[in-house]
Amino acid sequence: MSFVETELADQPESWVRAAALAEGLKEQLPAPGERTAVVGCGTSFFMARAYAALREGAGLGETDAFAASEFPSGRRYDRVVALTRSGTTTEVLALLAGVRGSVRTTAITGDPRTPVRTAADDLIVLDFADERSVVQTRFATTALTLLRAHLGLHSDSVVADARTALAEPLPVGVVDCTQFTFLGRGWTVGLAEEGALKMREAALAWTEAYPAMEYRHGPISITTGGTATWILGPAPDGLAEQVAATGGLWVAGRLDPLAELVRIQRLALALADLRGLDPDRPRHLTRSVILP
């Protein structure tokens, strides 16, 4: 088994541990009403987008998400939360250094033996969810589970859905498709973007991601026989029928959206296998981006 496959399969157990850990992190994570920025790179940026939408949608405070390289340095926040699996990503460390002393910072990482240990005011370590793989699966979803639990938005049913996502066969016909579009609404837009990234990284697949309501404003034009449109969460009225009319495959999100992401991770590995690719050695990628 590849590292990715092993780590992907461990997600339900890691989510249980993260949810339990969240109960003791009231001081390290944003309090209700704090104006918060959440930052990351790549997969971590998409998890930041999901968390920001969840927190603000729950009425717990204004919450923005940024790629670490695009953080608006002149904007004032009460807290900056940085997601960094490796703890070594150049843009994240530069951001934390730039705001040090002016705003409270929290880093969530998989490896505390890295520079992020001293770069942030507060450190949350998810070493049980760290990964040997380049392609992120377990750490990203575990970090988001921790944050969902802190917001009071996690439940045992989410873990049950993840186990279902690992056990059930993939949707009929989806591995035969040549192009994939992932859709979300609200917090699941970030998950849709992450699903598309996983497909590109592991399987070199042609994938796109959009807010579900925006999909009809142009992107649906590429949908036809041999393409798949997969939504994470409830679909807008009539969208499934519109996709069916194009001849494309419609995949409805039946499970909790985070568990749907697990199904997409499985699809990425299945396609990688069909194409003779090694998901542990994705093209042009490294586990952490460290710039000179």
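That block above? That's the structure.
Things to note about the sheet that holds strand β5 (residues 122-125)
Strand order in the open sheet formed by five strands is β2-β1-β3-β4-β5, with parallel pairing between adjacent strands. Looking at strand neighbours, the two that pair on one side only are β2 (63-67) and β5, the edges of this open sheet. Averaged over neighbouring strand pairs, the angle between their axes works out to 20° when direction is ignored. Across six bridges, the pairing between strand β3 (residues 79-84) and strand β4 (residues 104-109) is parallel. Across the sheet, T84 pairs through a bridge with T109, a residue of β4.

Structural notes on the pairing of β3
Side-chain positions along a regular strand alternate between the two faces of the sheet. For β3, the tally of buried residues reaches six of six residues, placing the bulk of the element in the interior. With burial as the criterion, each face of β3 is covered, one bearing R79, V81 and L83 and the other bearing V80, A82 and T84. For the crossover from β3 across helix α4 (residues 90-99) to β4, the handedness is right-handed.

Thoughts on the pairing of strand β1 (residues 36-40)
In terms of residue burial, β1 counts as a mostly covered element, since five of its five residues are buried. Alternating residues of β1 divide into T36, V38 and G40 and A37 and V39, and every residue in both groups is buried. Pairing of β1 with β2, which is carried by five bridges, proceeds in the parallel orientation. Within β2, the residue paired with G40 across the bridge is A67. When β1 meets β3, the two strands line up parallel, connected through four bridges. Each bridged residue has a counterpart across the sheet, and for V38 the counterpart in β3 is V81.

Cut-off values and rules
Residues numbered from 1 in each chain as written. Predicted model: local features only at pLDDT ≥ 70, side-chain atom pairs only at ≥ 80, totals over all residues. Heavy atoms only, no water. Pairing = 2+ DSSP bridges. Helix = DSSP H or I, 4+ residues; strand = E, 2+ residues; numbered from the N terminus. Axes fitted to C-alpha atoms, helices over the stretch in contact; angles between N-to-C directions. Buried < 20%, exposed > 50% of the residue type's maximum accessible area, 1.4 Å probe, protein only. Right-handed = clockwise from strand over helix to strand, strands pointing away.

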